[in-house]
Amino acid sequence: MDKKMMISLVIPVYNEEANLAHLIERLRPVMQKMGRNYEIIFVDDGSRDNSLAILKSFLIYPEVRVVELTRNYGQHAAIFSGFSVVRGDIVITLDADLQNPPEEIPHLVRVMEEEDYDVVGTIRKERKDSFLRTFPSRIINGITRKMTKVNMSDWGCMLRAYRRNVVERMVNCHEHSTFIPALATYFSKKVTEIEVGHEERYAGESNYSLRKLINLQFDLVSSFSEFPLKFIMFAGIAMAFLGISFGILLGIARLVYGAHWAAQGIFTLFAILFAFVGFQFFALGVIGEYIGRIYREVRKRPEYMIERIYPTDENRRICIS
Ligand code: UDP
Ligand code: MG
C-alpha cells in the first residue's frame with residue numbers, strides 16, 4: 001500500500017469568524033508534522049458574518065481551498081459539497097469551532113492505515129456541551145443504533161475519517177436528507193471507532209437548535225427505515241382493539257348498572273376519543289413528514305449549490321511537505 005496517502009480535511013463553516021484564526025493556527029502545525037500531501041477544504045455555508053473573508057485570507061497558504069455556497073444549506077449538505085471536490089485518499093471531517101481537537105488527526109489516520117479501515121468514527125471522551133445539547137444527542141445515538149443496526153456509540157462527533165471510495169459512493173448516491181456518519185457506515189465494509197478528546201466551543205454558540213436536531217433525527221430515521229410508519233400501523237391496530245374492548249365493557253356495564261350510570265360514562269368516552277384524535281394527528285404528522293421528504297426527492301433540486309471554489313486557478317499545487 002502507498003504509505004504516503006494524501007489527506008483532505010473538510011471543514012464546514014457557518015458564522016465562525018471568531019474561531020477560524022485559531023483553527024488554522026492549530027491545524028497547520030499538526031498537518032505539517034505528519035509529512036504528507038494534504039489539503040484543507042473550508043466550506044462556507046452561507047455565513048452572514050465575516051467568515052468568508054477570513055477564509056479567503058487563508059488562501060495565502062497553498063494547501064487551503066475554499067468552497068463558497070450560495071446560502072446556508074446545513075452542516076451535512078456543506079460537508080457533501082466539500083466531498084464533491086476532495087482530492088485526497090483519506091478524507092477527514094471536523095468542526096470549525098475547535099470542539100474537535102486537530103491534534104487527534106494523526107491518531108485517526110494511523111488507525112485507519114494500520115488496520116485498513118474504511119471509516120474511523122470517534123467517541124467524545126468527555127463531552128463538553130450543555131445538558132440541553134447532550135440529552136437529545138443521547139436519544140439520537142440510541143435510536144440510530146437501532147435503525148442502522150450498526151453499533152456506533154457516538155454518531156454526533158464529526159471528527160471522522162473516511163476512505164476516498166466511501167466518500168465517492170456517498171457523493172454518487174444523490175440522496176437528500178442524509179446523515180453522513182450513518183450513510184458512510186452503510187456503504188463501508190470495515191468500520192471502527194476510537195476515543196478522542198472534546199473541547200468547549202472556542203467562541204460563539206452552537207448552531208443547533210432543538211428544531212434542527214429534531215429535523216436531523218428525522219433525516220436519519222426516515223432515510224434508513226420505515227419504522228415510524230410501521231409503528232403507527234401497529235399502534236393503530238392496538239388502539240382500535242382497545243377501543244372495541246372498551247366499548248364492549250361499557251355495554252356490559254350499562255346492562256348491569258342501568259342507564260343512569262351510562263350517562264356519567266360519557267366523559268370517559270370523551271377522554272378516550274381525545275386520545276384517539278391525538279394519535280391520529282400524530283400519525284398524520286409522521287406520514288406528512290415522509291411525503292414532504294418524498295416531494296423533495298422527486299423535485300431533485302440539488303442539495304447544495306456552489307457559488308465558487310477558491311483558488312480559482314485549477315493548477316495550484318497541493319501542499320507538498
Ligand atoms: N455548521 C454549518 N452549517 C450549519 C450549521 C453548522 O456548516 O447550518 C457547521 C459549524 O460552523 C460547525 C459545525 O457545523 O463547524 C458544527 O456546528 P455546531 O458547533 O453549531 O454544532 P454542535 O457542535 O453543537 O453539534
Ligand atoms: Mg460545535
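Residues numbered from 1 in each chain as written. Chains lettered and ligands numbered in written order. Predicted model: local features only at pLDDT ≥ 70, side-chain atom pairs only at ≥ 80, totals over all residues. Heavy atoms only, no water.

Q: So what's going on with a positive patch on the surface? Residues and values would help.
A: On the surface, Arg 71, Arg 296, Arg 299 and Arg 301 cluster together to form a positively charged patch. Position of Arg 71 among the secondary structure elements: in the loop between β3 (64–69) and α3 (75–83). A residue is classified by how much of its surface remains accessible, and Arg 71, at 48% relative accessible area, is partly exposed. (Patch = residues over 30% accessible without salt bridge, like charges linked within 9 Å, V, L, I, M, F, W, Y side chains within 5 Å. Areas by Shrake-Rupley, 256 points an atom, 1.4 Å probe, with all protein chains shown as cover. Salt bridge = Lys/Arg side-chain N within 4 Å of Asp/Glu carboxyl O. Lys, Arg positive; Asp, Glu negative; His and termini not counted. Charge placed at Lys NZ, Arg CZ, Asp CG, Glu CD. Helix = DSSP H or I, 4+ residues; strand = E, 2+ residues; numbered from the N terminus. Buried < 20%, exposed > 50% of the residue type's maximum accessible area, 1.4 Å probe, protein only.)

Q: Describe the packing of aromatic side chains, listing the residues and the values that go with them.
A: This model, assessed by the stated rule, comprises 7 aromatic pairs. Between the aromatic rings of Phe 80 and Phe 83, the centroid separation amounts to 6.1 Å while the plane-to-plane angle is 75°, which identifies the pairing as edge-to-face. Highlighted residues: Phe 80 and Phe 83, both in helix α3, separated by 3 residues, approximately one helical turn. For the pair shown, Phe 80 and Phe 83 are each scored as buried. Measuring from ring centre to ring centre gives 5.4 Å for Phe 131 and Phe 135, while their planes differ by 25°; the resulting arrangement is stacked. Placement of the pair is Phe 131 and Phe 135 together in helix α5 (residues 131–148), with a separation of 4 residues, close to one helical turn. Judged by its relative accessible area of 57%, Phe 131 falls in the exposed class. Given a relative accessible area of 41%, Phe 135 falls into the partly exposed group. Following the ring pairs from residue to residue traces out a cluster consisting of Phe 80, Phe 83 and Tyr 162. Cation over ring: Arg 71 sits above Tyr 73, and NZ or CZ is 4.2 Å from the ring centre. (Phe/Tyr/Trp six-rings, centres within 6.5 Å; stacked < 30°, edge-to-face > 60°. Lys NZ or Arg CZ within 6 Å of the ring centre and 35° of its normal.)

Q: Describe the site of ligand 1, naming the residues involved and giving the relevant values.
A: Neighbouring ligand 1 are 18 residues, the closest being Glu 16, Asp 45, Asp 97, Ser 206 and Asn 207. Taking Asn 72, its side chain carries an N or O atom lying 3.1 Å from an oxygen atom of ligand 1. Ala 96 places a main-chain nitrogen or oxygen 2.8 Å from an oxygen atom of ligand 1. Calculation on ligand 1 without its partners gives an accessible area of 530 Å², and the protein chains cover 97% of this total. Grouping the constituent residues of the shell around ligand 1 by class yields 5 nonpolar, 6 polar and 7 charged. (Near = heavy atom within 4 Å. Polar contact = N/O pair within 3.5 Å; in protein donor to acceptor, adjacent residues only side chain to side chain. Nonpolar A, V, L, I, M, F, W, Y, C, P; charged D, E, K, R; others polar.)

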